[in-house]
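So you can see what is in the structure, the chains are spelled out below.
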Amino acid sequence: MDISIRRTTQKKPRPPASDLGWGQYFTDHMFLMDYEPGRGWHNPRIEPYGPLTIDPAAAVLHYAQELFDGFKAIRGEDDKVRLFRPDRHCARLAEGSVRMCIPPVPTDAMLQAVLEFVRVDQDWVPSQRNAALYLRPTLIGTEPFLGVRPSRTYTFFIIGSPVGAYYAEGFNPVSIWVEQECVRAARGGLGAVKAGANYAASLYAAERAKKHGYSQVLWLDAAEHKYLEEVGTMNLFVGIDGTFITPPLEGSILEGVTRNSIITLLRDWNYEVVERRLSIDEIQEAHTQGRLNEIFGCGTGAVISPVGELGHKDKRLSINDRKPGPVSQRVFEELTGIQQARIPDTRGWLVPID
Ligand SMILES: *Cc1c(COP(=O)(O)O)cnc(C)c1O
């Protein structure tokens, strides 16, 4: 694939390194590619970052025909920039496209586009520990047509946002509300793909939880409101009696690359990891019996987010005395250590930008 590059003549001022926050600054360029019937995906290009021109009748704006992914380019201690498991992220976007009736971008083309984009904007990859350039490849249906059917035209774009360390003030356990009423995704719905529509479905409950002093919600299954699914926009691990349990991928849960990496690490460390349904009653019971060791969420953004407290109906369960559990901490150190090339990458998870 031949990617044309038009560089900006007006580089943006650099945001303050100490104050990147999350997702509020964007690099100088973006990658774009278009789809039309007959021509397929065509015109791959890198251009100065800027607004898209989109028809107000475009499919994405009405029927949310959209899919994205998110992963990181990280500057190692040796100053080299690497991507963490980009192949898995590109494959996930291609697989999810099928569910969204979007013609998939071939994964090798997607990977080439990501690498070229990061190469062009590589001086935007921050160098502070645990900071990164967050990459957001996105697919949208662009056809101006209000009938309900898949769009005939699409745009694939990649933007990049330099993000700061998630835990600027230390590795902090969060309080989580067990949501009894709203659901994020039902089996058979879009929960297993990274569709923006899932996020729209999640906002109301998340805002309500925040109003009550919780930082996110624990989603239960849509059918019985009983089994744990995800925490906020993260996958979930629960340590009970030294075994780690994570909910199984049965159609409503997003298959996280971080989740997959953690299963590998824990098994390499000789922990038992079980993918099975886990009810909120079982959590309550293990807590009462003192067998609940730790709970953590995981995803690209925070890597690990230890859960310090669960608000469930009128009860507040404190987890591991509201301190990060030892395994949460070890996994965080190992994954960020590999990403920053402080720990050898023995599993081939990193792809360097040359
Ligand atoms: C992106 C996402 C995750 C985490 O996936 P990673 O590949 O680990 O970043 C988990 N749950 C939901 C709902 C997500 O959208």
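Going along each chain's sequence as written, the residues are numbered from 1 onward. Confidence filtering applies because this is a predicted model: local features only for residues at pLDDT of at least 70, side-chain atom pairs given and counted only at 80 or more, and all residues used for totals across whole chains, interfaces and linings. In computing side-chain properties, one takes all heavy atoms of the structure into account and sets aside hydrogens as well as water.

The chain has the name Branched-chain-amino-acid aminotransferase in an unreviewed UniProt entry, where Pendulispora albinea is given as its organism. UniProt positions are given in the numbering used here, feature names are shortened, and annotations may be inferred rather than shown by experiment. Per its UniProt entry, the chain bears the Function (unreviewed entry) comment "Acts on leucine, isoleucine and valine." For the record of the chain, the UniProt heading Sequence similarities (unreviewed entry) holds the text "Belongs to the class-IV pyridoxal-phosphate-dependent aminotransferase family."

1. Here's the deal with the packing of aromatic side chains
Pairing of aromatic side chains here covers Phe, Tyr and the six-membered ring of Trp, requires ring centres within 6.5 Å, and sorts the geometry by plane angle: under 30 degrees stacked, over 60 edge-to-face, intermediate tilted. One pass over the structure, following the stated rule, counts 13 aromatic pairs. For the ring pair W22 and Y134, a centre distance of 4.7 Å and an interplane angle of 55 degrees mean the geometry is tilted. Here W22, found in the loop between strand 1 (4-5) and strand 2 (29-36), pairs with Y134, found in strand 7 (residues 132-141); they are 112 residues apart in sequence, far enough to count as distant. With relative accessibility at 37%, the residue W22 sits in the partly exposed group. Feature note: the residues F31, Y35, W41, Y154 and F156 constitute an aromatic cluster, connected by ring pairs. Only when the NZ of Lys or the CZ of Arg is both within 6 Å of the ring centre and within 35 degrees of the ring normal is a charge said to sit over the ring. Above the plane of the ring of Y49 lies K12, whose end atom (NZ or CZ) is 4.2 Å from the centre. Above the face of the W124 ring, R14 is positioned so that its terminal group lies 4.1 Å from the ring centre. Here a strand is any run of E in DSSP of at least two residues, a helix any run of H or I of at least four, and the numbering for each starts at the N terminus. Categorising residues by exposure relies on relative accessible area from a 1.4 Å probe, with only protein chains included: less than 20% of the type maximum marks a residue as buried, more than 50% marks it as exposed, and the intermediate range marks it as partly exposed.

2. What about a nonpolar patch on the surface?
Side chains of Y63, L146 and V148 sit close together on the surface and give an oily, nonpolar patch of about 330 Å² of accessible area. Relative to the helices and strands, V148 resides in the loop between strand 7 and strand 8 (154-163). Each patch is built from residues that are more than 30% exposed by relative accessible area and take part in no salt bridge. Like charges join if they lie within 9 Å; nonpolar side chains (Val, Leu, Ile, Met, Phe, Trp, Tyr) join within 5 Å. Per-residue and other accessible areas were derived by the Shrake-Rupley procedure at a 1.4 Å probe size, with only the shown protein chains allowed to occlude residues. The rule for a salt bridge is simple: a side-chain nitrogen of Lys or Arg has to be within 4 Å of a carboxyl oxygen of Asp or Glu.

3. Points about the site of the ligand
Distances are taken per atom, and a residue is near a molecule or strand as soon as one of its heavy atoms is within 4 Å of it. With respect to spatial proximity, 15 residues lie near the ligand, and among them K194, Y199, E230, T258 and T300 are the closest. A distance of 2.7 Å separates an oxygen atom of the ligand from a polar side-chain atom of K194. T300 places a side-chain nitrogen or oxygen 2.6 Å from an oxygen atom of the ligand. The fraction of the free accessible surface of the ligand (380 Å²) that becomes covered by protein chains is 97%. Broken down by secondary-structure element, the contributors of at least two residues to the shell around the ligand are helix 2 (86-99) and helix 5 (257-268). Each residue gets one label: Ala, Val, Leu, Ile, Met, Phe, Trp, Tyr, Cys and Pro are nonpolar, Asp, Glu, Lys and Arg are charged, and the others, such as Gly, are polar. In terms of residue class, the shell around the ligand is built from four nonpolar, seven polar and four charged. Each polar contact in these results corresponds to two N or O atoms within 3.5 Å; when the atoms are within protein, one needs to be able to donate a hydrogen and the other to accept it, and residues that are neighboring in sequence are counted only if both atoms are side-chain atoms.

4. What about unusual backbone geometry?
Backbone geometry places R85, a non-glycine residue, at a positive phi of 50 degrees. With respect to the helices and strands, the residue R85 is situated in the loop between strand 6 (81-84) and helix 2. Residue N320 is not a glycine yet carries a positive backbone phi of 45 degrees. Counting through the fold element by element, N320 comes out in the loop between strand 17 (315-318) and helix 7 (326-339).

5. A look at the side chain of R45
As for its position among the elements, R45 is in strand 3 (residues 40-48). In this structure the side chain of R45 is engaged in a polar contact, spanning 2.9 Å, whose partner is the backbone oxygen of N43. Within the local environment of R45, its side chain forms a polar contact with the side chain of E47, the two groups lying 3.0 Å apart.

6. Concerning the pairing of strand 5 (residues 71-75)
Among the five residues of strand 5, five are classified as buried, and the element is accordingly described as predominantly covered. Burial along strand 5 is two-sided: the face carrying F71, A73 and R75 and the face carrying K72 and I74 are both buried. Pairing between strands is defined by DSSP: at least two bridges between them are needed. In this sheet, strand 7 lies alongside strand 5 in antiparallel orientation, the contact comprising three bridges. Residue F71 lies in a different strand from strand 7, and its bridge partner there is L135. Looking at chain direction, strand 5 and strand 6 are connected through three bridges and run antiparallel. Residue pairing in the sheet places R75 in a bridge with V81 of strand 6. Counting the residues between successive antiparallel strands, the hairpin from strand 5 to strand 6 contains five residues, one of them, D79, with a positive phi of roughly 75 degrees.

7. With respect to the domain arrangement of the chain
An automatic or database domain assignment supplies the residue ranges for each domain. You can read the domains of the chain as domain 1 (4-164) and domain 2 (174-339). Centre-to-centre separation of domain 1 and domain 2, based on C-alpha positions: 27 Å. The term buried area means the drop in 1.4 Å probe accessible area that two parts suffer when joined, counted for both and summed. For the pair domain 1 and domain 2, the two sides together bury roughly 1800 Å², of which 59% comes from carbon and sulfur. Where domain 1 packs against domain 2, one counts one salt bridge.

8. Overview of the layout of surface pockets
Looking at the largest pocket, its volume works out to about 1000 Å³. Ranked by residues supplied to the lining of the largest pocket, first place goes to helix 4 (residues 196-211) with eight residues. In the lining of the largest pocket, the residues fall into 19 nonpolar, 18 polar and nine charged. Looking at the lining of the largest pocket, you find at least three residues from each of domain 1 (4-164) and domain 2 (174-339). We place a 1 Å grid over just the protein atoms. Points where a 1.4 Å probe fits but has no way out form a cavity, open points with protein on both sides within 12 Å along at least 5 of 7 lines form a pocket, and any residue with an atom within 4 Å of a point lines it. Grid points are joined across faces, edges and corners, and a volume is the space filled by probe spheres set on the points.

9. As for the packing of helix 5 against helix 7
All axes here are fitted lines through C-alpha atoms, helices being fitted over the stretch that makes contact, and every angle between N-to-C directions spans 0 to 180 degrees. Here helix 5 crosses helix 7 at 105 degrees, and the two axes come no closer than 11 Å. For the element pair helix 5 / helix 7, the angle class is roughly perpendicular. The segment helix 5 lies against helix 7, with T258, S261, I262, L265 and L266 engaging V327, V331, E334 and L335. Grouping the constituent residues of the contact of helix 5 with helix 7 by class yields six nonpolar, two polar and one charged. For classification purposes, an angle smaller than 35 degrees is called roughly parallel, one larger than 145 roughly antiparallel, one from 65 to 115 roughly perpendicular, and anything else oblique. We call two residues in contact when some of their heavy atoms are within 4.5 Å.

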